[in-house]
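Report on the structure
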Amino acid sequence: MTTEDFVKYLNENLIKGDKALADKIQLDNWIYKPGIPSNILPVSSADFDAIDAIQKSWRETGVAGLSKKITTTAEKQHFIDHLPVDITAKEMEAIDKEFNFTKGGNFIIKRQWFVQAIRHQYKAANPAIEQFLIGSSRTGSIMMLYKEMVKTPEGKIWAQQVFDKAKSGYHATTIQDAEGVLK
């Protein structure tokens, strides 16, 4: 079915000339215009709302016990991705001690944690980050880390050192992408 056939079908079988319904649906906005139309239903998740509430209070209440409240991969990733911009290395250490993100086994969680560790100079994670970059072959994940590393002069030097150790295990396109970031 083409887009035009789909629109014709909707108009004939769903909208049926009802102008109020057509205005409410905003079919042209959904199909032909860029961006997200204004009539999108807000997405919400009670679980993520709970994580957001934790994000607002953990600095006052401490991190002890958070690993029992934030348990799924998606919840942990959401928590990591929304850490405060001004988080300190000491706070990173406390979170790492509570969740064991640096030494944990989940690839996605480690990758997201390592981005934050690089960004916030949590150097205790550096050996694990290096091992991750040497032992991984997923270009997207590798590039996330190298792109974060090269944001500082010290990080750029470190990124080159790690890349020199790791590149023999990378695919040719990964090597090319990384070399582009390291220049």
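Heads up: the structure comes first, above all this text.
Not measured: the values here are computed from a predicted model.

Counting its secondary structure elements, the chain contains 12 helices and zero strands. Counting from the amino terminus, helix and strand elements in the chain follow one another as α-α-α-α-α-α-α-α-α-α-α-α. For the chain, with 183 residues in total, the buried portion stands at 36%. Of the contacts made within the chain by residues no fewer than 6 positions apart, 58% connect residues no fewer than 24 positions apart. Carbon and sulfur atoms make up 55% of the accessible area of the chain, which amounts to about 11,300 Å² in all. Between the mean site of the 24 positive side-chain charges and the mean site of the 23 negative ones, the chain shows a separation of 4 Å.

Note on soluble globular proteins: their nonpolar side chains tend to be buried together. Membership of the largest hydrophobic core comes to 39 residues, with the highest contact counts inside it found for Trp58, Phe79, Ile95, Trp113, Leu133 and Tyr146. Contributing elements (two or more residues each) for this core: helix 4 (46-61), helix 6 (73-81), helix 7 (89-99), helix 8 (107-119), helix 9 (126-135), helix 10 (139-149), helix 11 (153-166) and helix 12 (172-182). The element best represented in this core is helix 8, accounting for six residues. Among all residues touching isoleucine 95, those that are not within four sequence positions of it are Trp58, Val63, Phe79, Leu83, Ile87, Asn100, Phe101 and Trp113.

The next thing to look at is the environment of aspartate 86. Mapping aspartate 86 onto the fold places it in the loop between helix 6 and helix 7. For aspartate 86 and histidine 120, which are 34 residues apart along the polypeptide, the C-alpha to C-alpha distance reads 8.1 Å. Once residues lying within four places of it in the same chain are set aside, the contact partners of aspartate 86 are Arg59 and Glu91.

Helix-helix packing is described using two parameters, namely the angle between the two axes and the distance between the axes. Direction vectors running N to C along helix 6 and helix 8 enclose 5°, while the axes themselves pass 9 Å from each other. Compared by their axis directions, helix 6 and helix 8 come out roughly parallel. For the pair helix 6 and helix 8, the contacting residues are Thr73, Lys76, Gln77, Ile80 and Asp81 in the first and Ile108, Ile109, Arg111, Gln112, Trp113 and Gln116 in the second.

Turning next to unusual backbone geometry. The backbone of lysine 16 shows a phi angle near 50°, a positive value even though the residue is not glycine. Inspection of the secondary structure assignment puts lysine 16 in the loop between helix 1 (3-15) and helix 2 (19-25). A relative accessible area of 62% means that lysine 16 is categorised as exposed.

This part takes up helix 12. Of all the positions in helix 12, only Thr174, Ala178, Val181 and Leu182 are classed as buried. Buried residues of helix 12, viewed axially, fall in a sector of 95°; they line one side. Exposed side of helix 12, more than 90 degrees from the buried face: Ala172 and Gln176 are the residues found there. The inward-facing, buried residues of helix 12 abut helix 10 and helix 11.

So, on to the packing of aromatic side chains. The relation between two aromatic rings is expressed through the spacing of the ring centres and the mutual angle of the planes. In total, this model carries eight aromatic pairs according to the counting rule given. When the centroid spacing of 5.1 Å and the interplanar angle of 50° are considered together, the rings of phenylalanine 101 and tryptophan 113 count as tilted. Highlighted residues: phenylalanine 101 in the loop between helix 7 and helix 8 and tryptophan 113 in helix 8, separated in sequence by 12 residues. When sorted by exposure, phenylalanine 101 lands in the same class as tryptophan 113, which is buried. On the numbers, 5.4 Å between centres and 80° between planes, the contact of phenylalanine 114 with phenylalanine 132 is edge-to-face. Taken as a pair, phenylalanine 114 in helix 8 and phenylalanine 132 in helix 9 lie far apart in primary sequence, 18 residues in all. Comparing phenylalanine 114 with phenylalanine 132, the two get one shared label, buried. Members of the aromatic cluster, connected to one another through ring pairs, are Phe79, Phe99, Phe101, Trp113 and Tyr122.

The rules behind these values
- Residues numbered from 1 in each chain as written.
- Predicted model: local features only at pLDDT ≥ 70, side-chain atom pairs only at ≥ 80, totals over all residues.
- Heavy atoms only, no water.
- Helix = DSSP H or I, 4+ residues; strand = E, 2+ residues; numbered from the N terminus.
- Buried < 20%, exposed > 50% of the residue type's maximum accessible area, 1.4 Å probe, protein only.
- Contact = heavy atoms within 4.5 Å.
- Areas by Shrake-Rupley, 256 points an atom, 1.4 Å probe, with all protein chains shown as cover.
- Lys, Arg positive; Asp, Glu negative; His and termini not counted.
- Charge placed at Lys NZ, Arg CZ, Asp CG, Glu CD.
- Core = buried A, V, L, I, M, F, W, Y, C linked by side-chain atoms within 4.5 Å.
- Axes fitted to C-alpha atoms, helices over the stretch in contact; angles between N-to-C directions.
- Parallel < 35°, antiparallel > 145°, perpendicular 65-115°, else oblique.
- Arc of directions from axis to C-beta.
- Phe/Tyr/Trp six-rings, centres within 6.5 Å; stacked < 30°, edge-to-face > 60°.

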